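Residues per chain, in single letters:
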Amino acid sequence: MPDLPTLLAFSVAALALIVIPGPSVLYIVARSLHQGRRAGMVSALGVQTGGLVHVLAATLGVSALVLSSALLFSVLKWVGAAYLIVLGLRTLRTLRAPTPDALTVTVPDAQPLTRIYRQGAVVNALNPKTALFFHRRRSGEVQALFLRLT
């Protein structure tokens with residue numbers, strides 16, 4: 001079990017990561033508003049699965065490789081941005097579908113929960129902010145903490 005100061009420092013850093021809205025938080029809010037509480041919970045589970053990708057990458061040292069290379073970090077950042085743009089364009093396309101009456105508002109079709117889960121996982125797996133959180137250059141404190149907690 002980690003000591004109290006380490007656990008508190010980790011908790012404060014995790015809270016900051018959650019409170020500052022990033023792509024993952026915006027994805028969860030958008031899904032919740034569009035399809036309700038159940039879709040929001042499924043998207044949150046997907047985001048957490050994407051976070052596990054970062055935990056595994058940090059534990060195996062892949063995060064150190066990506067974060068030490070400006071090229072690899074930029075690729076991660078731009079692939080993540082491109083994925084979010086694709087999701088946004090898909091949403092806009094469904095919202096802008098022509099309607100027979102100008103006063104009629106169309107509501108986009110609900111997406112299957114499996115797709116919402118997958119999209120949440122990809123959104124967080126391609127989030128460079130999460131990769132930075134789980135990587136410590138000087139020591140493996142975060143990795144060691146997760147290994148001790150599991």
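Residues numbered from 1 in each chain as written. Predicted model: local features only at pLDDT ≥ 70, side-chain atom pairs only at ≥ 80, totals over all residues. Heavy atoms only, no water.

Undergrad: Explain the overall build of the protein to me, and be specific about the residues and the numbers.
TA: Helix and strand counts for the protein stand at eight helices and zero strands. When the 150 residues of the protein are sorted by exposure, 30% land in the buried category. Relative to all contacts within the protein whose residues are 6 or more apart in sequence, the contacts with residues 24 or more apart total 75%. Working note: accessible area of the protein is about 9800 Å², and carbon and sulfur atoms make up 71% of it. (Helix = DSSP H or I, 4+ residues; strand = E, 2+ residues; numbered from the N terminus. Buried < 20%, exposed > 50% of the residue type's maximum accessible area, 1.4 Å probe, protein only. Contact = heavy atoms within 4.5 Å. Areas by Shrake-Rupley, 256 points an atom, 1.4 Å probe, with all protein chains shown as cover.)

Undergrad: So what's going on with a nonpolar patch on the surface? Residues and values would help.
TA: A grouping of L56, L60 and V62 is seen on the molecular surface, where their side chains present a nonpolar patch of about 300 Å² in accessible area. Among the structural elements, L56 can be located in helix 3 (residues 37–60). By relative accessible area, L56 is classed as exposed at 52%. (Patch = residues over 30% accessible without salt bridge, like charges linked within 9 Å, V, L, I, M, F, W, Y side chains within 5 Å. Salt bridge = Lys/Arg side-chain N within 4 Å of Asp/Glu carboxyl O.)

Undergrad: Tell me about the packing of helix 3 against helix 6 (residues 113–125), and please be specific about residues and values.
TA: In a packed pair of helices, the relevant descriptors are the angle between the two axes and the axis-to-axis distance. Two elements in contact, helix 3 and helix 6, have axes whose closest approach is 7 Å; the angle formed by their N-to-C orientations is 40°. Classified by the interaxial angle, the pair formed by helix 3 and helix 6 is oblique. In terms of crossing hand, the pair formed by helix 3 and helix 6 is right-handed. Packed against helix 3, whose contacting residues are R38, A39, V42, S43, L45, G46, V47, T49, G50, G51, V53 and H54, the element helix 6 presents L113, I116, Y117, G120, A121, N124 and A125 at the interface. For the contact of helix 3 with helix 6, the per-class residue count stands at ten nonpolar, eight polar and one charged. (Axes fitted to C-alpha atoms, helices over the stretch in contact; angles between N-to-C directions. Parallel < 35°, antiparallel > 145°, perpendicular 65-115°, else oblique. Left-handed = near helix turned anticlockwise from the far one by under 90°. Nonpolar A, V, L, I, M, F, W, Y, C, P; charged D, E, K, R; others polar.)

Undergrad: Tell me about a positive patch on the surface, and please be specific about residues and values.
TA: Among the surface-exposed residues, R90, R93, R115 and R118 lie close enough to one another that they form a single positively charged patch. Among the secondary structure elements, those contributing two or more residues to the positive patch are helix 5 (70–95) and helix 6. One can find R93 in helix 5. (Lys, Arg positive; Asp, Glu negative; His and termini not counted. Charge placed at Lys NZ, Arg CZ, Asp CG, Glu CD.)

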